[in-house]
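# Analysis of the macromolecular model
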4 protein chains.
Amino acid sequence: MNNLDELMKRIDKFNKDRDWDQFHSPSNLSKSISIEAGELLECFQWNNDNYNLEDVKEELADVLNYCLQMCNVLNLNPIEIVNNKMDISEKKYPIDKARGVSTKYDKLKW
Amino acid sequence: MNNLDELMKRIDKFNKDRDWDQFHSPSNLSKSISIEAGELLECFQWNNDNYNLEDVKEELADVLNYCLQMCNVLNLNPIEIVNNKMDISEKKYPIDKARGVSTKYDKLKW
Amino acid sequence: MNNLDELMKRIDKFNKDRDWDQFHSPSNLSKSISIEAGELLECFQWNNDNYNLEDVKEELADVLNYCLQMCNVLNLNPIEIVNNKMDISEKKYPIDKARGVSTKYDKLKW
Amino acid sequence: MNNLDELMKRIDKFNKDRDWDQFHSPSNLSKSISIEAGELLECFQWNNDNYNLEDVKEELADVLNYCLQMCNVLNLNPIEIVNNKMDISEKKYPIDKARGVSTKYDKLKW
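Residues numbered from 1 in each chain as written. Chains lettered and ligands numbered in written order. Predicted model: local features only at pLDDT ≥ 70, side-chain atom pairs only at ≥ 80, totals over all residues. Heavy atoms only, no water.

A word on the packing of aromatic side chains. This structure, assessed with the given rule, holds 24 aromatic pairs over all chains. Geometrically, the ring pair formed by W46(B) and F23(D) is tilted, given 6.4 Å between the ring centres and 55 degrees between the ring planes. One end of the pair, W46(B), is in the loop between α2 (26-42) and α3 (53-74); the other, F23(D), is in the loop between α1 (4-17) and α2 (26-42), on a second chain. Given a relative accessible area of 13%, F23(D) falls into the buried group. Clustering of aromatic rings is evident, with ring pairs tying together F14(A), W20(A), Y93(B) and Y105(B). Lying over the aromatic face of F14(A), R18(A) brings its terminal NZ or CZ to 3.9 Å of the ring centre. In this structure, K92(C) packs its charged tip against the face of Y105(C), placed 3.9 Å from the ring centre. (Phe/Tyr/Trp six-rings, centres within 6.5 Å; stacked < 30°, edge-to-face > 60°. Helix = DSSP H or I, 4+ residues; strand = E, 2+ residues; numbered from the N terminus. Buried < 20%, exposed > 50% of the residue type's maximum accessible area, 1.4 Å probe, protein only. Lys NZ or Arg CZ within 6 Å of the ring centre and 35° of its normal.)

Now the structure itself:
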């Protein structure tokens, strides 16, 4: 299985089969994304460079899973919302101003 | 543009064009995922039900964007890691045990 | 033991005894605060109202512990920094404008 | 003002004056702690060592503020719950096993 649509359907079916939609309000999914993001961060808690790649994969998958479930619940296309945000970011961070600096857009020199 | 591979290439090019790969260690991307997950959570801070859908879309897109960038950096296929984790979850949460309850797998009755 | 100064010294001694100061950079402590905040949030993941108070106490204590350890490391007085921030908040949120609304200060009507 | 009891009363009065207790369920405060922890983490997003100390003070104060407000709402003594958790941690991490290693307690060699 190597297709995003199929994956989103699999996630939806997994939750419907367990009657879990009742728990998956956008608010609860947002909490879940934060919780899993914390577990991913734990892979790097005391050391930025030595991490267990298997743990990282699992925790990153959990974050992605809840993000895709939120897209299911809100009827959003994940590819579309990220592309829309990229359109915004490309304007906020023009290449010639932003190259090589991690400055936030509202502090970039124009 | 409606394809995950193309989106991941767009994200990669966006960062390479700005010479931002130097900032995008797995550890820094993990922090970024947590930070953006917090911003998404802010959409629901004081109210679980009334949220601004446009804000939710943008913040969810930011979380997804950094997750995909982490896949780029670690050379992971996002579809594959989520499917692998689904395989695990399907075993941890059998339908007949897990239906209708939000109990964590290690407290489910077997 | 019922005194904040003594508690901060206890935390400091706990870490020095274990030679853990090497891990406690401000950046790593900041990650730890986010990780523990995620564990606290997990107490409310699927239900806002039914929570296990003992779990909440432990996770809230973990967040506070790392916050106090960050004050130790940066030589900050926790009482003082919170009071300073309260001074700012009292100006940002005047009683007559902010009463009964959860509006963020930059959207309050002046 | 240099006393924890007085600070907690100040925070409580600040919220009562604005009729904000209605927003301050334990669940919403837990979300707020995660959100502010994310803002603190943002001080270290792209660089672990160069941070703006004034920003760190403000964001750390915000995390502490919501933690103390949660203690107010749940009628908890912050000093007591942290001391109780320290009692637990001292047993989980004996000095001779834990010295110099960041290993989690369930993986320490006994």
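As for its placement among the helices and strands, S32(B) is situated in helix α2. For S32(B), a relative accessible area of 0% puts it in the buried group. Not counting residues within four places of it along the chain, the set of residues in contact with S32(B) comprises Y66(B), Q45(D) and W46(D). (Contact = heavy atoms within 4.5 Å.)

Here we take up helix α3 (residues 53-74) of chain C. Residue and element names in this part refer to chain C. Between its terminal C-alpha atoms α3 stretches 31 Å, which fits the 32 Å expected from 22 residues at 1.5 Å a residue. The opening residue of α3 is N52, an N-cap whose side-chain oxygen sits 2.9 Å from the backbone nitrogen of E54. Of the residues flanking the end of α3, it is N75, one or two places downstream, whose phi is positive at about 60 degrees. (Expected span 1.5 Å × (residues − 1). Polar contact = N/O pair within 3.5 Å; in protein donor to acceptor, adjacent residues only side chain to side chain.)

This next bit is on the interface of chain D and chain C. Tallying the contact residues gives 62 residues for chain D and 62 residues for chain C. Both faces considered, chain D and chain C share a buried interface measuring about 5,700 Å² in area, 68% of it formed by carbon and sulfur atoms. Taken together, the links from chain D to chain C amount to 8 salt bridges. Between K85(C) and E58(D) there is a salt bridge, and its shortest N-O distance comes to 3.5 Å. Across the chain D-chain C interface, the total number found is 24 residue pairs in polar contact (both at pLDDT 80 or more). When contributions to the side of chain D that touches chain C are tallied by element, the ones reaching two or more residues are α1, α2, α3 (53-74), α4 (78-92) and α5 (95-98) of chain D. In the side of chain D that touches chain C, the residues fall into 36 nonpolar, 14 polar and 12 charged. (Buried area = accessible area lost by both parts, 1.4 Å probe. Salt bridge = Lys/Arg side-chain N within 4 Å of Asp/Glu carboxyl O. Nonpolar A, V, L, I, M, F, W, Y, C, P; charged D, E, K, R; others polar.)

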